[in-house]
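Descriptive structure summary
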Amino acid sequence: MEITGRLVADATVRAVSEEKKVTGFRVAINRNYKSQGENKQETAFVDCTYWRGDGIAPYLTKGMVVQLSGFMTAEPWVNRDGEPMASLKFRTEQIEMLTPSANKADRPSQAGDRNKVLKPSEKFN
């Protein structure tokens, strides 16, 4: 499954164990439609995880557009009232950056390179 969306915040990394870290981020996906002749837009927010390494986190910055390949998972949890709940998460396997990162270290230094889009190397996918 593929989704394309805009990051709503910078990615974060959290340790799951001493050896394992996960990169987490949220994307907004817009859907345009017509209702009773009027153009409307609906936004869905999707929580995403990336388990293949945390080195990509500094490049995933708020506002950039990414195309993600992966699959959905359901994660059960219990709310404050003790009721069982579930949330959907997108488990990301591949990331393609469609717009440049806001990270200053990623910006091209030469005038001719200004239109280049930063793409992750194979180590991120």
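The paragraphs below set out a description of the structure included in this document. (Residues numbered from 1 in each chain as written. Predicted model: local features only at pLDDT ≥ 70, side-chain atom pairs only at ≥ 80, totals over all residues. Heavy atoms only, no water.)

**Quick look at the environment of D10**
By secondary structure assignment, the location of D10 is in the loop between strand 1 (2-7) and strand 2 (12-15). The spacing of D10 and A102 is 92 residues in sequence and 9.6 Å in space, taken between C-alpha atoms. D10 has contacts with L60, T61 and K62, leaving out every residue within four places of it along the chain. A polar contact is formed between the side chain of D10 and the backbone nitrogen of K62, at a distance of 2.7 Å. (Helix = DSSP H or I, 4+ residues; strand = E, 2+ residues; numbered from the N terminus. Contact = heavy atoms within 4.5 Å. Polar contact = N/O pair within 3.5 Å; in protein donor to acceptor, adjacent residues only side chain to side chain.)

**Here we look at the pattern of salt bridges**
Per the stated rule, a full pass over the model turns up 3 salt bridges. In this structure, K21 engages D54 in a salt bridge whose closest nitrogen and oxygen atoms are separated by 3.7 Å. Residue K21 is found in strand 3 (residues 21-35), and its partner D54 is found in the loop between strand 4 (38-50) and strand 5 (65-78); the two are separated by 33 residues along the sequence. Judged by relative accessible area, which is 41%, K21 ranks as partly exposed. A salt bridge links R26 to D47; the shortest N-O distance between them is 2.7 Å. Here R26 is found in strand 3, whereas its partner D47 is found in strand 4, with 21 residues between them in sequence. (Salt bridge = Lys/Arg side-chain N within 4 Å of Asp/Glu carboxyl O. Buried < 20%, exposed > 50% of the residue type's maximum accessible area, 1.4 Å probe, protein only.)

**Some thoughts on unusual backbone geometry**
In the Ramachandran plot, Q36 falls in the positive-phi region, its phi being about 55° despite a non-glycine side chain. Here Q36 lies in the loop between strand 3 and strand 4.

**Focus: the pairing of strand 1**
Inspection of the sheet shows strand 1 paired to strand 5 by 5 bridges, in the antiparallel sense. Each bridged residue has a counterpart across the sheet, and for I3 the counterpart in strand 5 is L68. Relative to strand 3, strand 1 runs antiparallel, the two sharing 2 bridges. Looking at the pairing, R6 lines up with A28 of strand 3. (Pairing = 2+ DSSP bridges.)

**Here's the deal with the nonpolar core**
Among the nonpolar cores identified, the biggest contains 17 residues, and F25, V27, L60, V66, L68 and I95 are the most heavily contacted of them. Secondary structure elements with two or more residues in this core: strand 1, strand 3, strand 4, strand 5 and strand 6 (84-97). In this structure, F25 is in contact with L7, A11, V46, D47, C48, Y50, L60, L68, T92 and I95, ignoring residues within four places of it in sequence. (Core = buried A, V, L, I, M, F, W, Y, C linked by side-chain atoms within 4.5 Å.)

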